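This is what each chain is made of:
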Amino acid sequence: MHPLLRYTLDLFEPNMPEAQVNTILVAPKVIAKSQPFVAGQLLEQAVAPANFAHPQANRQVRLDDAVVAYAFARGRRKTIGFVVGPEGLVVRAPRWTPLGEVDAALREKAPWILRKLQETQERQVRHDSARIEWRDGTTLPLLGETVVVKLDPTHGFTGKGAQLDAAMLDADADADAQAAPRTLRVGLPHAATPDQIKDSVQAWLMRYAKAHFTQRLDHFAPQLQVRWHSLRLSNASTRWGSAKSDGSIRLNWRLIHFSPTVVDYVVAHELSHLREMNHSPRFWDTVRTVVPDYAQLRGQLKDDAVPRW
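Given the structure is predicted, the values throughout are model-derived calculations rather than measurements.

Rules of the game
- Residues numbered from 1 in each chain as written.
- Predicted model: local features only at pLDDT ≥ 70, side-chain atom pairs only at ≥ 80, totals over all residues.
- Heavy atoms only, no water.
- pLDDT = per-residue confidence, 0-100.
- Contact = heavy atoms within 4.5 Å.
- Core = buried A, V, L, I, M, F, W, Y, C linked by side-chain atoms within 4.5 Å.
- Buried < 20%, exposed > 50% of the residue type's maximum accessible area, 1.4 Å probe, protein only.
- Phe/Tyr/Trp six-rings, centres within 6.5 Å; stacked < 30°, edge-to-face > 60°.
- Helix = DSSP H or I, 4+ residues; strand = E, 2+ residues; numbered from the N terminus.
- Salt bridge = Lys/Arg side-chain N within 4 Å of Asp/Glu carboxyl O.

Engineer: Give me the confidence of the model for the chain: which residues, what numbers.
Structural biologist: Averaged over all residues, the pLDDT of the chain equals 81, while 77% of them reach at least 70. Note that pLDDT drops below 50 for residues 1-47; the model gives that stretch 110 contacts with residues more than four away or on any other chain.

If you want it as C-alpha coordinates, here you go:
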(Lines give C-alpha, C1' and ligand atoms only; values in the text may rest on other atoms or scores of the structure.)
Protein backbone atom coordinates (compact mmCIF):
# COMPACT_ATOMS: atom_id res chain seq x y z
CA MET A 1 0.00 0.00 0.00
CA HIS A 2 1.18 3.51 -0.79
CA PRO A 3 3.03 4.90 2.28
CA LEU A 4 0.94 8.08 2.21
CA LEU A 5 -2.35 6.21 2.16
CA ARG A 6 -4.30 6.23 5.35
CA TYR A 7 -7.79 5.03 5.81
CA THR A 8 -10.39 5.58 8.44
CA LEU A 9 -13.43 3.69 9.58
CA ASP A 10 -16.27 6.18 9.35
CA LEU A 11 -18.54 3.77 11.18
CA PHE A 12 -17.08 3.69 14.66
CA GLU A 13 -16.27 0.74 16.89
CA PRO A 14 -17.42 0.65 20.56
CA ASN A 15 -14.36 2.58 21.76
CA MET A 16 -14.49 5.10 18.92
CA PRO A 17 -18.02 6.51 19.31
CA GLU A 18 -19.82 9.10 17.22
CA ALA A 19 -23.37 10.05 16.32
CA GLN A 20 -25.85 7.18 16.12
CA VAL A 21 -27.27 5.92 12.95
CA ASN A 22 -30.78 4.79 12.92
CA THR A 23 -31.25 1.21 11.75
CA ILE A 24 -34.84 1.30 10.57
CA LEU A 25 -33.99 1.51 6.84
CA VAL A 26 -33.66 -1.39 4.41
CA ALA A 27 -30.70 -3.72 4.94
CA PRO A 28 -28.16 -4.39 2.21
CA LYS A 29 -29.42 -6.89 -0.31
CA VAL A 30 -27.92 -10.32 0.30
CA ILE A 31 -28.14 -13.00 -2.37
CA ALA A 32 -26.62 -16.46 -2.06
CA LYS A 33 -26.84 -18.68 -5.13
CA SER A 34 -25.98 -22.35 -5.33
CA GLN A 35 -24.34 -24.02 -8.31
CA PRO A 36 -24.03 -27.70 -9.28
CA PHE A 37 -20.92 -29.36 -7.93
CA VAL A 38 -18.39 -30.39 -10.58
CA ALA A 39 -16.05 -33.29 -9.88
CA GLY A 40 -12.55 -32.09 -9.16
CA GLN A 41 -13.64 -28.65 -7.92
CA LEU A 42 -12.41 -27.33 -4.63
CA LEU A 43 -15.23 -26.87 -2.13
CA GLU A 44 -14.63 -23.10 -2.04
CA GLN A 45 -15.03 -23.04 -5.83
CA ALA A 46 -18.24 -25.07 -5.75
CA VAL A 47 -20.07 -22.74 -3.37
CA ALA A 48 -21.09 -19.43 -4.87
CA PRO A 49 -20.13 -16.41 -2.74
CA ALA A 50 -22.66 -14.34 -0.87
CA ASN A 51 -23.47 -11.02 -2.50
CA PHE A 52 -23.92 -7.73 -0.65
CA ALA A 53 -25.18 -5.08 -3.04
CA HIS A 54 -25.67 -1.39 -2.31
CA PRO A 55 -28.59 -0.01 -4.39
CA GLN A 56 -26.30 2.73 -5.80
CA ALA A 57 -23.32 0.43 -6.31
CA ASN A 58 -20.90 1.41 -9.07
CA ARG A 59 -17.98 -0.88 -8.18
CA GLN A 60 -17.59 -4.32 -6.66
CA VAL A 61 -14.83 -6.35 -5.03
CA ARG A 62 -14.38 -9.93 -3.86
CA LEU A 63 -13.76 -9.99 -0.11
CA ASP A 64 -12.97 -13.44 1.24
CA ASP A 65 -16.08 -15.54 0.51
CA ALA A 66 -18.34 -12.67 -0.55
CA VAL A 67 -18.82 -10.31 -3.47
CA VAL A 68 -19.48 -6.78 -2.24
CA ALA A 69 -20.93 -4.23 -4.65
CA TYR A 70 -20.37 -0.81 -3.13
CA ALA A 71 -21.13 2.84 -3.82
CA PHE A 72 -17.86 4.62 -4.60
CA ALA A 73 -17.21 8.35 -4.73
CA ARG A 74 -14.21 10.65 -4.71
CA GLY A 75 -13.97 13.92 -2.86
CA ARG A 76 -11.82 16.44 -1.05
CA ARG A 77 -10.52 14.24 1.72
CA LYS A 78 -7.17 12.88 2.86
CA THR A 79 -8.11 9.29 3.65
CA ILE A 80 -10.09 6.36 2.31
CA GLY A 81 -13.32 6.10 4.29
CA PHE A 82 -15.58 3.08 4.74
CA VAL A 83 -19.21 3.39 5.87
CA VAL A 84 -21.38 0.31 6.36
CA GLY A 85 -24.88 1.71 6.55
CA PRO A 86 -28.41 0.34 6.29
CA GLU A 87 -28.19 0.03 2.49
CA GLY A 88 -24.69 -1.43 2.29
CA LEU A 89 -21.08 -0.34 1.88
CA VAL A 90 -20.12 3.19 0.83
CA VAL A 91 -16.47 4.00 0.07
CA ARG A 92 -15.05 7.49 -0.34
CA ALA A 93 -11.49 8.25 -1.40
CA PRO A 94 -9.25 11.21 -2.22
CA ARG A 95 -9.24 12.25 -5.87
CA TRP A 96 -5.61 11.15 -6.33
CA THR A 97 -5.97 7.61 -4.92
CA PRO A 98 -5.59 4.82 -7.55
CA LEU A 99 -8.46 2.34 -7.69
CA GLY A 100 -6.04 -0.49 -7.01
CA GLU A 101 -5.14 1.02 -3.66
CA VAL A 102 -8.82 1.44 -2.83
CA ASP A 103 -9.47 -2.24 -3.45
CA ALA A 104 -6.32 -3.18 -1.52
CA ALA A 105 -7.58 -1.20 1.46
CA LEU A 106 -10.96 -2.92 1.18
CA ARG A 107 -9.36 -6.35 1.18
CA GLU A 108 -7.23 -5.47 4.19
CA LYS A 109 -10.34 -4.49 6.13
CA ALA A 110 -12.46 -7.35 4.75
CA PRO A 111 -13.20 -9.01 8.13
CA TRP A 112 -14.51 -5.73 9.58
CA ILE A 113 -16.58 -4.90 6.47
CA LEU A 114 -18.13 -8.36 6.18
CA ARG A 115 -18.90 -8.48 9.88
CA LYS A 116 -20.68 -5.13 9.70
CA LEU A 117 -22.65 -6.14 6.61
CA GLN A 118 -23.72 -9.39 8.29
CA GLU A 119 -24.71 -7.56 11.47
CA THR A 120 -26.79 -5.13 9.40
CA GLN A 121 -28.58 -8.00 7.71
CA GLU A 122 -29.35 -9.73 11.01
CA ARG A 123 -30.54 -6.46 12.52
CA GLN A 124 -32.92 -5.96 9.61
CA VAL A 125 -34.41 -9.41 10.17
CA ARG A 126 -35.14 -8.46 13.77
CA HIS A 127 -36.67 -5.16 12.71
CA ASP A 128 -38.88 -6.83 10.11
CA SER A 129 -40.19 -9.20 12.76
CA ALA A 130 -41.14 -6.17 14.88
CA ARG A 131 -43.53 -4.72 12.29
CA ILE A 132 -46.78 -3.58 13.88
CA GLU A 133 -50.10 -4.90 12.57
CA TRP A 134 -52.49 -2.01 13.16
CA ARG A 135 -55.67 -3.52 14.61
CA ASP A 136 -57.60 -3.77 17.84
CA GLY A 137 -55.48 -5.74 20.30
CA THR A 138 -52.11 -5.13 18.67
CA THR A 139 -49.11 -4.65 20.94
CA LEU A 140 -46.18 -2.25 20.88
CA PRO A 141 -43.31 -1.34 23.20
CA LEU A 142 -43.52 1.80 25.32
CA LEU A 143 -40.44 2.66 27.36
CA GLY A 144 -39.42 -0.98 27.13
CA GLU A 145 -42.76 -2.37 28.31
CA THR A 146 -45.49 -4.03 26.27
CA VAL A 147 -48.66 -2.02 25.70
CA VAL A 148 -51.88 -3.44 24.25
CA VAL A 149 -53.89 -1.17 21.95
CA LYS A 150 -57.63 -1.38 22.52
CA LEU A 151 -60.25 0.51 20.53
CA ASP A 152 -62.75 2.29 22.79
CA PRO A 153 -65.65 3.73 20.74
CA THR A 154 -67.32 5.16 23.85
CA HIS A 155 -64.42 7.63 24.21
CA GLY A 156 -65.20 8.03 27.88
CA PHE A 157 -61.71 9.07 28.95
CA THR A 158 -60.34 12.53 29.51
CA GLY A 159 -57.08 12.17 27.57
CA LYS A 160 -56.84 13.55 24.05
CA GLY A 161 -57.40 10.78 21.52
CA ALA A 162 -56.19 7.97 23.78
CA GLN A 163 -55.49 7.09 27.38
CA LEU A 164 -52.95 4.75 28.97
CA ASP A 165 -54.43 2.66 31.76
CA ALA A 166 -52.54 2.40 35.01
CA ALA A 167 -50.36 -0.67 35.48
CA MET A 168 -52.17 -3.53 37.19
CA LEU A 169 -50.73 -6.69 38.76
CA ASP A 170 -52.19 -10.07 37.90
CA ALA A 171 -53.88 -11.24 41.11
CA ASP A 172 -53.36 -14.89 40.16
CA ALA A 173 -49.65 -14.49 39.39
CA ASP A 174 -46.75 -15.10 41.75
CA ALA A 175 -45.68 -12.21 43.94
CA ASP A 176 -42.49 -11.77 41.90
CA ALA A 177 -44.29 -11.80 38.56
CA GLN A 178 -44.06 -8.84 36.22
CA ALA A 179 -46.97 -6.45 35.89
CA ALA A 180 -49.54 -7.37 33.25
CA PRO A 181 -49.32 -5.45 29.96
CA ARG A 182 -50.80 -1.98 30.15
CA THR A 183 -53.64 -0.95 27.85
CA LEU A 184 -53.69 2.06 25.57
CA ARG A 185 -57.35 2.85 24.92
CA VAL A 186 -57.88 4.67 21.64
CA GLY A 187 -61.06 6.65 20.94
CA LEU A 188 -61.93 4.96 17.66
CA PRO A 189 -64.75 2.66 16.54
CA HIS A 190 -64.04 -1.02 16.06
CA ALA A 191 -64.46 -0.50 12.32
CA ALA A 192 -61.52 1.91 12.20
CA THR A 193 -59.01 1.31 9.42
CA PRO A 194 -55.37 0.37 10.12
CA ASP A 195 -54.27 3.85 8.98
CA GLN A 196 -56.71 5.51 11.39
CA ILE A 197 -55.45 3.38 14.27
CA LYS A 198 -51.84 4.05 13.34
CA ASP A 199 -52.35 7.81 13.10
CA SER A 200 -54.18 8.02 16.43
CA VAL A 201 -51.59 5.92 18.26
CA GLN A 202 -48.70 7.85 16.73
CA ALA A 203 -50.20 11.20 17.72
CA TRP A 204 -50.60 10.01 21.30
CA LEU A 205 -47.09 8.51 21.40
CA MET A 206 -45.55 11.76 20.17
CA ARG A 207 -47.30 13.75 22.92
CA TYR A 208 -46.22 11.17 25.49
CA ALA A 209 -42.65 11.18 24.15
CA LYS A 210 -42.34 14.95 24.32
CA ALA A 211 -43.54 15.03 27.92
CA HIS A 212 -41.14 12.24 28.92
CA PHE A 213 -38.18 13.74 27.07
CA THR A 214 -38.82 17.12 28.65
CA GLN A 215 -38.78 15.59 32.12
CA ARG A 216 -35.48 13.81 31.43
CA LEU A 217 -33.88 16.93 29.93
CA ASP A 218 -34.80 18.81 33.09
CA HIS A 219 -33.35 15.96 35.16
CA PHE A 220 -29.93 15.80 33.47
CA ALA A 221 -29.31 19.44 32.51
CA PRO A 222 -28.46 20.63 36.05
CA GLN A 223 -26.16 17.64 36.57
CA LEU A 224 -24.27 18.50 33.38
CA GLN A 225 -24.37 22.23 34.20
CA VAL A 226 -25.99 23.15 30.89
CA ARG A 227 -29.20 24.89 29.85
CA TRP A 228 -31.46 23.69 27.08
CA HIS A 229 -33.97 26.10 25.54
CA SER A 230 -36.21 24.17 23.16
CA LEU A 231 -37.18 20.61 22.28
CA ARG A 232 -38.48 19.46 18.92
CA LEU A 233 -39.45 15.94 17.97
CA SER A 234 -37.71 14.40 15.00
CA ASN A 235 -38.91 11.78 12.55
CA ALA A 236 -35.45 11.33 11.02
CA SER A 237 -34.55 7.97 9.56
CA THR A 238 -30.83 8.17 10.35
CA ARG A 239 -30.44 10.04 13.65
CA TRP A 240 -31.78 9.60 17.15
CA GLY A 241 -31.02 13.16 18.23
CA SER A 242 -29.10 16.36 17.69
CA ALA A 243 -28.13 19.46 19.62
CA LYS A 244 -27.15 23.01 18.69
CA SER A 245 -24.97 25.39 20.64
CA ASP A 246 -27.97 27.69 21.20
CA GLY A 247 -29.54 25.02 23.43
CA SER A 248 -32.06 23.63 20.96
CA ILE A 249 -32.51 19.86 21.14
CA ARG A 250 -34.08 17.48 18.64
CA LEU A 251 -35.00 13.92 19.69
CA ASN A 252 -36.54 11.18 17.57
CA TRP A 253 -39.98 10.41 18.98
CA ARG A 254 -39.47 6.67 18.27
CA LEU A 255 -37.03 6.60 21.19
CA ILE A 256 -40.16 6.21 23.32
CA HIS A 257 -40.15 2.50 22.32
CA PHE A 258 -36.84 1.91 24.12
CA SER A 259 -36.25 1.34 27.82
CA PRO A 260 -36.00 4.41 30.09
CA THR A 261 -32.26 3.86 30.52
CA VAL A 262 -31.66 3.96 26.75
CA VAL A 263 -33.73 7.15 26.49
CA ASP A 264 -31.68 8.63 29.30
CA TYR A 265 -28.48 7.83 27.42
CA VAL A 266 -29.64 9.69 24.31
CA VAL A 267 -30.87 12.65 26.35
CA ALA A 268 -27.56 12.85 28.23
CA HIS A 269 -25.69 12.45 24.94
CA GLU A 270 -27.36 15.46 23.36
CA LEU A 271 -27.10 17.60 26.49
CA SER A 272 -23.40 16.78 26.69
CA HIS A 273 -23.00 18.34 23.25
CA LEU A 274 -23.92 21.67 24.83
CA ARG A 275 -20.53 21.40 26.57
CA GLU A 276 -18.57 19.60 23.85
CA MET A 277 -19.81 19.97 20.26
CA ASN A 278 -17.83 16.92 19.11
CA HIS A 279 -17.24 13.27 19.94
CA SER A 280 -13.85 13.74 21.55
CA PRO A 281 -12.69 11.77 24.61
CA ARG A 282 -13.67 14.77 26.72
CA PHE A 283 -17.22 14.55 25.31
CA TRP A 284 -17.55 10.88 26.29
CA ASP A 285 -16.10 11.62 29.71
CA THR A 286 -18.90 14.16 30.10
CA VAL A 287 -21.56 11.60 29.16
CA ARG A 288 -20.00 9.11 31.58
CA THR A 289 -20.47 11.44 34.55
CA VAL A 290 -24.25 10.97 34.37
CA VAL A 291 -24.57 7.68 32.44
CA PRO A 292 -21.62 5.46 33.46
CA ASP A 293 -22.80 2.47 31.37
CA TYR A 294 -23.38 4.54 28.22
CA ALA A 295 -21.43 2.08 26.01
CA GLN A 296 -23.77 -0.79 26.86
CA LEU A 297 -26.85 1.38 26.39
CA ARG A 298 -25.48 2.63 23.10
CA GLY A 299 -25.24 -0.97 21.96
CA GLN A 300 -28.87 -1.58 22.88
CA LEU A 301 -29.90 1.46 20.90
CA LYS A 302 -28.20 -0.05 17.87
CA ASP A 303 -29.30 -3.68 18.30
CA ASP A 304 -32.78 -3.65 19.86
CA ALA A 305 -35.63 -4.09 17.41
CA VAL A 306 -37.67 -0.94 16.89
CA PRO A 307 -41.24 -1.38 15.59
CA ARG A 308 -41.57 -0.77 11.86
CA TRP A 309 -44.03 2.01 11.18
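Engineer: Describe in detail the nonpolar core, supporting the description with residues and values.
Structural biologist: Val201, Tyr265 and Leu271 are the most contacted members of the largest nonpolar core, which totals 52 residues. With near-sequence residues (within four places) excluded, valine 201 lies in contact with Trp134, Leu140, Val149, Leu184, Val186 and Trp309. By size, the runner-up hydrophobic cluster in this structure holds 21 residues, among which are Tyr70, Phe72, Ile80 and Trp112.

Engineer: Would you mind going over the packing of aromatic side chains in detail, with residue names and values included?
Structural biologist: Under the criterion given, the structure shown has five aromatic pairs. Aromatic pair tyrosine 70 and phenylalanine 72: ring centres 6.4 Å apart, planes at 85°, arrangement edge-to-face. On the basis of relative accessible area, phenylalanine 72 is assigned to the buried category, the value being 13%. For the pair tryptophan 240 and phenylalanine 258, a centre-to-centre distance of 5.4 Å together with 90° between the ring planes defines the contact as edge-to-face. Of this pair, tryptophan 240 sits in the loop between strand S12 (230-234) and strand S13 (241-243) while phenylalanine 258 sits in the loop between strand S14 (248-252) and helix H5 (260-272), and the two are 18 residues apart along the sequence.

Engineer: Go over the pattern of salt bridges, please, and point to the residues and values.
Structural biologist: Under the defined criterion, the tally for this structure stands at eight salt bridges. Salt-bridge contacts for glutamate 119 lead to lysine 116; the nearest nitrogen and oxygen are separated by 3.8 Å. Separated by three residues within a single helix, glutamate 119 and lysine 116 lie in helix H3 (residues 110-129), roughly one turn from each other. Its salt-bridge partner being aspartate 285, residue arginine 288 comes within 2.6 Å of it at the nearest N-O pair. Here the residue arginine 288 and the residue aspartate 285 both occupy positions in helix H6 (residues 281-290), the gap between them amounting to three residues, near one helical turn. Using a relative accessible area of 44% as the deciding quantity, one classes aspartate 285 as partly exposed. A cluster of three or more residues bridged by salt bridges with shared partners is formed by Arg115, Lys116 and Glu119.

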